[in-house]
Structure formats: structure tokens, C-alpha cells
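# Geometric and topological summary
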Amino acid sequence: MNAVMPLAGYAIGITAARRADELGALLVRKGATVRYGPAIRIVPLADDTELHAATKRLLDEPVDAVVATTGIGFRGWIEAAEGWGLGEELLERLAHTNVLTRGPKAKGAVRAAGLSEVYSPASESNAELLQHLLDSGVEGQRIAVQLHGEPLPYFVDSLRSAGADVVEVPVYRWVGPADPGPLDRLIDAVLDGSIDALPFTSAPAAASMLAMAKRTGRQAALVDALTRRVVVACVGPITAGPLAALGIPTVQPQRARIGALARTLAEALIARSPRLCAAGREIELRGQAAVVDGQLCEVAPAPMAVLRALAQQPGRVVSRRELTAALPSGGEEHAVETAIGRLRTSLGEGRLVQTVVKRGYRLAVVPPEDELS
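Here we summarise the structure given alongside this text.

With that settled, consider the environment of Ala 39. For Ala 39, the location among the structural elements is in the loop between strand E2 (33-36) and strand E3 (41-42). In sequence terms Ala 39 and Pro 182 are 143 residues apart; their C-alpha atoms lie 8.6 Å from each other. Not counting chain neighbours up to four residues away, the residues in contact with Ala 39 comprise Thr 15, Val 175, Gly 176, Pro 177, Leu 183, Ala 205, Ser 208 and Met 209.

The next thing to look at is the sheet that holds strand E7 (residues 165-171). As summarised here, the arrangement of the four strands in space is E5-E4-E6-E7, forming an open sheet in which the pairing is parallel. Edge positions in the sheet fall to strand E5 (98-101) and E7, since each of these pairs with one other strand and no more. The mean inter-strand angle of the sheet, taken between neighbouring strand axes irrespective of direction, is 20°. Lying over the sheet, helix H5 (residues 104-112) contacts strand E4 (65-68) and E5, oriented at roughly 145° with respect to E5. Each of E4, strand E6 (142-148) and E7 is contacted by helix H7 (residues 153-161), which is oriented at about 160° to E7, the strand it contacts most.

Moving on, we get to the packing of aromatic side chains. Tallied over the entire structure, the rule returns one aromatic pair. Taking 6.1 Å as the distance between ring centres and 90° as the angle between the ring planes, the aromatic pair formed by Phe 74 and Trp 77 counts as edge-to-face. Here Trp 77 and Phe 74 lie together in helix H3 (residues 71-83), a separation of three residues that amounts to about one turn. On the accessibility criterion, Trp 77 (0% relative accessible area) is buried.

Along the chain, Asp 196 falls in the loop between helix H8 (181-191) and strand E9 (197-200). Despite its burial, Asp 196 pairs with no opposite charge, the nearest such side chain being Arg 229 at 4.8 Å. A polar contact of 2.8 Å, which involves the side chain of Asp 196, links it to the side chain of Gln 288. Beyond its immediate stretch of four places on either side in the chain, Asp 196 contacts Gly 9, Tyr 10, Ala 11, Arg 229, Val 230, Val 231, Leu 269, Gly 287 and Gln 288.

Analysis parameters
Residues numbered from 1 in each chain as written. Predicted model: local features only at pLDDT ≥ 70, side-chain atom pairs only at ≥ 80, totals over all residues. Heavy atoms only, no water. Helix = DSSP H or I, 4+ residues; strand = E, 2+ residues; numbered from the N terminus. Contact = heavy atoms within 4.5 Å. Pairing = 2+ DSSP bridges. Axes fitted to C-alpha atoms, helices over the stretch in contact; angles between N-to-C directions. Phe/Tyr/Trp six-rings, centres within 6.5 Å; stacked < 30°, edge-to-face > 60°. Buried < 20%, exposed > 50% of the residue type's maximum accessible area, 1.4 Å probe, protein only. Lys, Arg positive; Asp, Glu negative; His and termini not counted. Salt bridge = Lys/Arg side-chain N within 4 Å of Asp/Glu carboxyl O. Polar contact = N/O pair within 3.5 Å; in protein donor to acceptor, adjacent residues only side chain to side chain.

Laid out in C-alpha cells, this is it:
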């Protein structure tokens, strides 16, 4: 029998614009089902009047230092300048400027452009880069900060408070999705229990999803689902900001990388998968499925919600009223009977779930002492 892949049975929603396919491929490779609902889109560089204006400002006035925060952002900036006929002039200006890079990718992009950096922190953190600038003294200096998709208010404000004139270079600005339909449907899927995890690669994507939910009267329900049931993973603390502001817990990799994000998300899902023995069978509960004796059994959201409720205290009798409350969309008690029937069929073993007459249902495990009395 082939081993069940680590994320088989889990459905994961992806809201990213850039690198969504890369993240999705990593998760699919582990067996997950992926659903896309882009929450943002990127303003094309060639059409970005803000980036063009910031570039012209750097060329028209002297600049003391330029901070490159990302490799793809720095390359995109140079390519956009070339498209405007300003490429050579920009590189000449940067060649006579102190260039600082946040990490190895930004450093590689700077060197590929024929430039060299004067400083790059070993930690790859904006915080250490900022501290280096402040320690070196920035009062009266003009410093350009290449942003990437989202502002860096603390970084920029700290430099300004220390007396620097800061030019923000907004590479790859985010705006709302051109077609909000997929994101709208992804939010519905989270609420009906058919999405188990949401990885985020940027703060604007998280903020955009929350904003859409708020506009449509679903934010409270979404926050509840993300807090109690859905695993939310963020590539770093800045990305987690809009979620943390609403008390939504997140998991984050030690390094802000797409591959590390996928691994951290997988580990979090696996760690919270209940495992138990019922009717002599080994059962592992996954998001949209159960693994019974090593065999993956797909389970619809309503029966899966019932199974989770029964598995919270294996062997305890759970009343129909409790199980009705556990259903994604509520319903009447007969909806529980239907879900129980579908659950037994999905698991391929009717004896796993026992009916206790006039009391409810329980998993076929040895019950606790208070159930025997």
C-alpha cells in the first residue's frame, strides 16, 4: 500500500498574487488540495507613476544612501528605469551612493547591476539594517528606501525622526484584485469548513481579505474561523500584522522564505491532527479526510465536523444537540442523522460510530468511567 502523503486530505487557500503558483506547487507536492483566491494584484512597474516620480527625484537631487530591501524589487526598479530611458542615469547615480542591502538576494541583485554594497546585515533583518544607519548618523542626509509591495512605516519614520530626508521608492505596489470573485468564494469556503489553512506571503493580502470580509458582513465569522479552526501561516511578523491586530494566532517560519513557509504550515497541520483507535482501527483526522488503517477516506465538511466533535473526547456520548451546533451551517437534528450516515459510509466501517439510544453518538472506543456508570 502506498503511504499517504503528509498533506493529503487538507485543503489550503492561497491569497498571494506574486509566487502563488510556486507556493501552491510546494503544497500540492505534499498532497494538499489548493484553492486560489487572489486578494491583491501588482501594479505593473512600467505604468507606476509613483515609482517613476521617486526615480526622477533621486536623479534630480543628490542622495547619500540607498537601501535595497529585496532582490526582485531592486531588479524590477532597474528594469523599469531602463524602460523609461533612465536606466544608465540611475545606475550612474547609485554607483556614487552608499548602497545598503537587507539580505543575500538584494545583495546579489545589486552586484548583478554592476554595483557594490557598503553594508549588509548578517541577520537579513530590516531592524539591524535600520540600527546600522542610525548608529552611523543620518541627520541631514537624503536616504532612498526601496519598498516592496508594502510600506515600512517604522523603518522610514525612525530615519525621519533621526533627521533624515527619506525618499520612498515603491516597487510593486499592491491594489485590490481585478476580479474579487475568487477571493469572495474562498472566504465562503473558509466559513463553511472546507478550507483548513491559509498561508500569507504579504500583509496587504491579509488586510485585503479581512477588508472584503468586513465589507460583506463576514469579518466576525472569518476571525472566529481563523482563530479557532483554520491554521494561519505568515512568512514573517510584518505579514502577520493585520491578523495579529484582530487577535488571530499565526505560525511563522524562522526564515522568511516560501519553502520554509510551506514546511511550517505542513508541520502545524500534522501536529494538530488527532489520532485515535476505534473498533480496532487506527484513525487519523485530517482537514477534509480521515486516514483509516493507512487508507485515505475523503469526508464532506458536515460529516467531518461531526467526526471532530466525537473525537474531542473519544468514547464520550455526544448529544444530537451538541452535534447540531458543530455542523458548519447548523441545522435541525435530522441533519445530524444524515451526517452520521454519510460519515459511516465515508469511513467504510459502520461500527466506528455507535448510536446510543435516546442519548446521541460516540466513537467505538473504550468509554470513560462516567459513561459506564
